[in-house]
Amino acid sequence: IDLEKIGYHGTAHMLINIKLEADSAEIVEQLKKTQNVVIATRTTGSYEAYAVLVFRDISDLFRNVYKIKALPNIRKVDVFFAVPGIKQFPLRTDQFNACENSAKT
């Protein structure tokens, strides 16, 4: 699916720590029912769950991440995000100017 064609401009990858007394399978089911979450699964290692969230803009990203952080039994959420078209981060000065100029037109 081309997410840009349906209005989403990036993805956030979330590594999630769950409180010790919580059932990770139950948390993953809650994540799957959360708006804009397209992948949710349990993991092994330093985190108990992984989820991918699609977003339309930065406000949409923050709003949905805060909703997930507010779910019961979520202890910590580390977020990494990707925006299509950005090949290098941090942007070089000329790339930043090109983005700024294209936004003005």
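Just so you know, the residues in each chain are numbered from 1, in the order the chain's sequence is written. With the structure being a predicted model, the display of local features is reserved for residues of pLDDT at least 70 and the display and counting of side-chain atom pairs for 80 or more, all residues being used for whole-chain, interface and lining totals. The side-chain figures draw on all heavy atoms in the structure; neither hydrogens nor water molecules are used.

**Things to note about the nonpolar core**
Thinking step 1. The definition of a nonpolar core used throughout is a set of buried Ala, Val, Leu, Ile, Met, Phe, Trp, Tyr and Cys residues joined through side-chain atoms within 4.5 Å. Throughout this description, buried means an accessible area under 20% of the type-specific maximum (1.4 Å probe, protein chains only), exposed means over 50%, and partly exposed covers the range between. Residues Met14, Ile16, Leu31, Ala51 and Leu53 are the most contacted members of the largest nonpolar core, which totals 20 residues.
Thinking step 2. Helix numbering and strand numbering both begin at the N terminus, where a helix is a DSSP run of H or I of at least 4 residues and a strand a DSSP run of E of at least 2. Mapped onto this core, the elements with two or more residues apiece are strand E1 (10–18), helix H1 (24–32), strand E2 (37–42), strand E3 (49–55), helix H2 (58–69) and strand E4 (74–82).

**Some points on the pattern of salt bridges**
Thinking step 1. A pair is scored as a salt bridge if a Lys or Arg side-chain nitrogen falls within 4 Å of a carboxyl oxygen belonging to Asp or Glu. Per the stated rule, a full pass over the model turns up three salt bridges.
Thinking step 2. In this structure, the salt-bridge partner of Lys76 is Asp78, at a minimum N-O distance of 3.7 Å.

**Focus on unusual backbone geometry**
Thinking step 1. Backbone geometry at Asn36 places phi at a positive 75 degrees, although glycine is not the residue there.
Thinking step 2. Mapped onto the elements, Asn36 comes out in the loop between H1 and E2.
Thinking step 3. A positive phi angle, near 75 degrees, is found at Asn73, a position not held by glycine.
Thinking step 4. If you trace the backbone, Asn73 turns up in the loop between H2 and E4.
Thinking step 5. Under the relative-accessibility criterion, Asn73 is labelled partly exposed at 26%.

**Remarks on H2**
Thinking step 1. Over its twelve residues, H2 extends 16 Å from the first C-alpha to the last, a length consistent with the 16 Å expected when each residue adds 1.5 Å.
Thinking step 2. Listed as buried for H2 are Asp60, Leu61, Asn64, Val65 and Ile68. Down the axis of H2, the buried side of the element spans an arc of 120 degrees, and every buried residue falls inside it.
Thinking step 3. In this description, contact between two residues means that some pair of their heavy atoms is separated by no more than 4.5 Å. Buried residues belonging to H2 abut E1, H1, E2, E3 and E4.
Thinking step 4. For this analysis, a polar contact is any N or O atom pair within 3.5 Å, provided that within protein one partner can donate a hydrogen and the other can accept it, and provided that sequence-adjacent residues contribute only side-chain to side-chain pairs. Measuring from the side-chain oxygen of the N-cap residue of H2 to the backbone nitrogen of Ser59 gives 3.1 Å; that N-cap residue is Asp57. Here the expected length of a helix is defined as 1.5 Å per residue gap, with one fewer gap than residues. When we speak of the arc, we mean the arc of directions from the helix axis to the C-beta atoms.

Purely geometric numbers; function is a separate question.
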